[in-house]
Amino acid sequence: MFTLTTRVVRRRKRNRKKKIRLVVTFLFIIAIFVGVGFYYASQVYTASYQDLERGEKSDLREEAVDIGKDPISILLLGVEDYSTNGGAGRADTQIVMTLDPETKEMTMTSIPRDTRVELPEEKVGQYAGSHKINATYSLGELSGYGAEKLAVETVEDYLGIPIDTYATVNFEGFIEIVDLLGGVTIDVEEGFWERSSIDYYKIIEFEEGPTKMTGEEALAFVRMRKREDVGISYPRDERQRQFIKASIDQAISAGTIFKVGQISDVVGQNISTNLSPREIYAIQKAFSSDEADTKTINIEGNNERLEDGLFYFVPDEESLENVKDELQDKLNYNDSGESAMKSSNADNPTS
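Residues numbered from 1 in each chain as written. Predicted model: local features only at pLDDT ≥ 70, side-chain atom pairs only at ≥ 80, totals over all residues. Heavy atoms only, no water.

1. Things to note about a negative patch on the surface
Logical step 1: Taken together, the side chains of Glu-300, Asp-316, Glu-317 and Glu-318 define an acidic patch exposed on the protein surface.
Logical step 2: Secondary-structure assignment places Glu-318 in helix H11 (residues 317–330). (Patch = residues over 30% accessible without salt bridge, like charges linked within 9 Å, V, L, I, M, F, W, Y side chains within 5 Å. Areas by Shrake-Rupley, 256 points an atom, 1.4 Å probe, with all protein chains shown as cover. Salt bridge = Lys/Arg side-chain N within 4 Å of Asp/Glu carboxyl O. Lys, Arg positive; Asp, Glu negative; His and termini not counted. Charge placed at Lys NZ, Arg CZ, Asp CG, Glu CD. Helix = DSSP H or I, 4+ residues; strand = E, 2+ residues; numbered from the N terminus.)

Quick look at the structure:
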């Protein structure tokens, strides 16, 4: 049986910001609600709910989607705010998920954190101008426009699709919730190492085989991307999928329901979403199915120094247009503003 070992390496201190790169934002919400049951989930929901103040739908939708029946989009935000004492953090991870309950297909599209976007004065006032997309969350908070609201609307403009819902988790929330779940056990397919996001001088080593991970270790497991050899043979997407499944399995264990008070406290402090418990259950039903298929959609491009002297991610225009077209297709949406959402009664004209 293989075990996880941890060693501490003393090196020259570097002034380097630790970045959170997660797809498991969505996992936390789904897993917790599945694990604690609907009655108890309402307490967690009350603590985490944050409205976008835009009514029942995106401004790009002609009518609201029926979550659990129609294809939907979800923006996942991984926010790093521990260096700012919990205020005006940056959303270093932004992942757009689409989920089609009929086809059981889910897609994940990561938006590079250094993508350049233009923020208008009517939204952010004195902060208007060119910015990296990871700054939209903090600038939304600083300007008073709304952190999640600005992040959602900026992604909508960039990809030309409606963002129906969102979920945000910060650095501390990832670790605390995994620990409250009692850790997660993952069958590591290939050994590698990664630095701890809590202590830069701490190296966490993963050996091949079933491994029970704490929150600190699980974060290192899903975020590793710089070990080029392992990154190719054991990509982050695969590790994230393993973690999602392991967390859902752990969340439905018998002991989780007795931790609802603690979970509610952690969720309220570290997670926000505009999903209701009913919507989360509807998504979970499609997401956890054995028939569910996950696809990754990539925006190709390069990091370049632009006229302001800063480095930005510059997308390949053809690739970006292809991504937009594919996402619109997944949502049955076209950028003229007309939605072609699938109707649950399409095959039943009498209903």
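2. Topic: the pattern of salt bridges
Logical step 1: For the structure on display, the rule yields 12 salt bridges.
Logical step 2: Among the salt bridges present, the one from Arg-61 reaches Asp-164, with a minimum N-O distance of 2.9 Å. One end of the pair, Arg-61, is in the loop between helix H1 (25–48) and strand E2 (72–80); the other, Asp-164, is in the loop between helix H4 (147–159) and strand E7 (165–170), and 103 residues separate them in sequence.
Logical step 3: Look at Asp-164 and you get buried, because its relative accessible area is 9%.
Logical step 4: We note a salt bridge from Glu-105 to Lys-330, for which the minimum N-O separation is 2.7 Å. Of this pair, Glu-105 sits in strand E4 (residues 105–110) while Lys-330 sits in helix H11, and the two are 225 residues apart along the sequence. (Buried < 20%, exposed > 50% of the residue type's maximum accessible area, 1.4 Å probe, protein only.)

3. Remarks on the packing of aromatic side chains
In this description, an aromatic ring pair is defined by two values, namely the gap between the centres and the angle between the planes.
Logical step 1: Under the counting rule described, the total for this entry stands at six aromatic pairs.
Logical step 2: The residue whose ring lies beneath Arg-239 is Tyr-234, and the NZ or CZ to ring-centre distance is 5.9 Å. (Phe/Tyr/Trp six-rings, centres within 6.5 Å; stacked < 30°, edge-to-face > 60°. Lys NZ or Arg CZ within 6 Å of the ring centre and 35° of its normal.)

4. As for the pairing of strand E3 (residues 90–100)
Logical step 1: Burial analysis of E3 places 10 of its 11 residues in the buried class, which makes it a mostly covered element.
Logical step 2: Two strands pair when backbone bridges link them, and E3 and E4 are joined in this way by six bridges, in the antiparallel orientation. Considered in E4, the bridge of Ile-95 is made with Ser-110. (Pairing = 2+ DSSP bridges.)

5. So, H4
Logical step 1: With 13 residues, H4 extends 19 Å between its outermost C-alpha atoms, agreeing within 8% with the 18 Å of an ideal straight helix rising 1.5 Å per residue.
Logical step 2: For H4, a buried count of 12 out of 13 residues is recorded, marking the element as mostly surrounded by other parts of the structure.
Logical step 3: Of all the residues in H4, the buried ones are Ala-147, Glu-148, Lys-149, Leu-150, Ala-151, Val-152, Glu-153, Thr-154, Val-155, Glu-156, Tyr-158 and Leu-159. (Expected span 1.5 Å × (residues − 1).)

6. Overview of unusual backbone geometry
For residues other than glycine, phi is negative in most cases, and the peptide bonds are mostly trans.
Logical step 1: Phi angles above zero are rare outside glycine, and Glu-53 is one such case at about 55°.
Logical step 2: On the secondary structure map, Glu-53 appears in the loop between H1 and E2.
Logical step 3: For Glu-53, a relative accessible area of 69% translates into the label exposed.
Logical step 4: Despite not being glycine, Asn-332 has its phi angle at roughly 55°, a positive value.

7. So, the environment of Val-117
Logical step 1: Among the secondary structure elements, Val-117 is positioned in strand E5 (residues 116–119).
Logical step 2: Its relative accessible area of 8% is what places Val-117 among the buried residues.
Logical step 3: When the C-alpha positions of Val-117 and Thr-136 are compared, they lie 8.9 Å apart, and in sequence the two are 19 residues distant.
Logical step 4: In contact with Val-117, other than residues within four places in its own chain, are Gly-129, Ser-130, His-131, Lys-132, Ile-133, Thr-136, Thr-154 and Tyr-158. (Contact = heavy atoms within 4.5 Å.)

8. Comments concerning the environment of Ile-74
Logical step 1: Tracing the chain through its elements places Ile-74 in strand E2.
Logical step 2: What makes Ile-74 buried here is its relative accessible area of 1%.
Logical step 3: Separated by 22 residues in sequence, Ile-74 and Val-96 place their C-alpha atoms 5.7 Å apart.

9. Let's talk about the confidence of the model for the protein
The predicted coordinates of low-pLDDT regions are not to be read in fine detail.
Logical step 1: Mean pLDDT over the protein: 77, with 70% of residues reaching 70 or higher.
Logical step 2: Summarising per-element confidence for the protein, the mean pLDDT is lowest in strand E1 (residues 5–8) (39) and highest in H11 (97).
Logical step 3: Contacts of residues 1–25 to residues separated by more than four positions or lying in other chains number 85 contacts, the stretch itself having pLDDT below 50.
Logical step 4: pLDDT under 50 marks residues 337–351. Its contacts with residues more than four places away, or in other chains, come to 23 contacts. (pLDDT = per-residue confidence, 0-100.)

10. Let's talk about the nonpolar core
Logical step 1: Counting 32 residues, the largest nonpolar core has Leu-75, Val-96, Val-155 and Leu-159 as its most contacted members.
Logical step 2: Mapped onto this core, the elements with two or more residues apiece are E2, E3, E5, helix H3 (136–143), H4 and H11.
Logical step 3: Beyond its immediate chain neighbours, meaning those up to four positions away, Leu-75 contacts Gln-94, Ile-95, Val-96, Ala-151, Val-152, Val-155, Ile-163, Thr-165, Tyr-166 and Ala-167.
Logical step 4: Formed by 20 residues, the second largest nonpolar core is a distinct cluster that contains Phe-174, Val-184, Phe-206 and Val-230. (Core = buried A, V, L, I, M, F, W, Y, C linked by side-chain atoms within 4.5 Å.)

11. Describing the pairing of strand E14 (residues 301–305)
Logical step 1: Both E14 and strand E15 (residues 311–315) contribute to a ladder of five bridges, which runs antiparallel. Its bridge partner being in E15, Glu-304 is matched across the sheet by Tyr-312.
Logical step 2: Connecting the antiparallel pair E14 and E15 is a turn made up of five residues, with Gly-309 showing a positive phi of about 90°.

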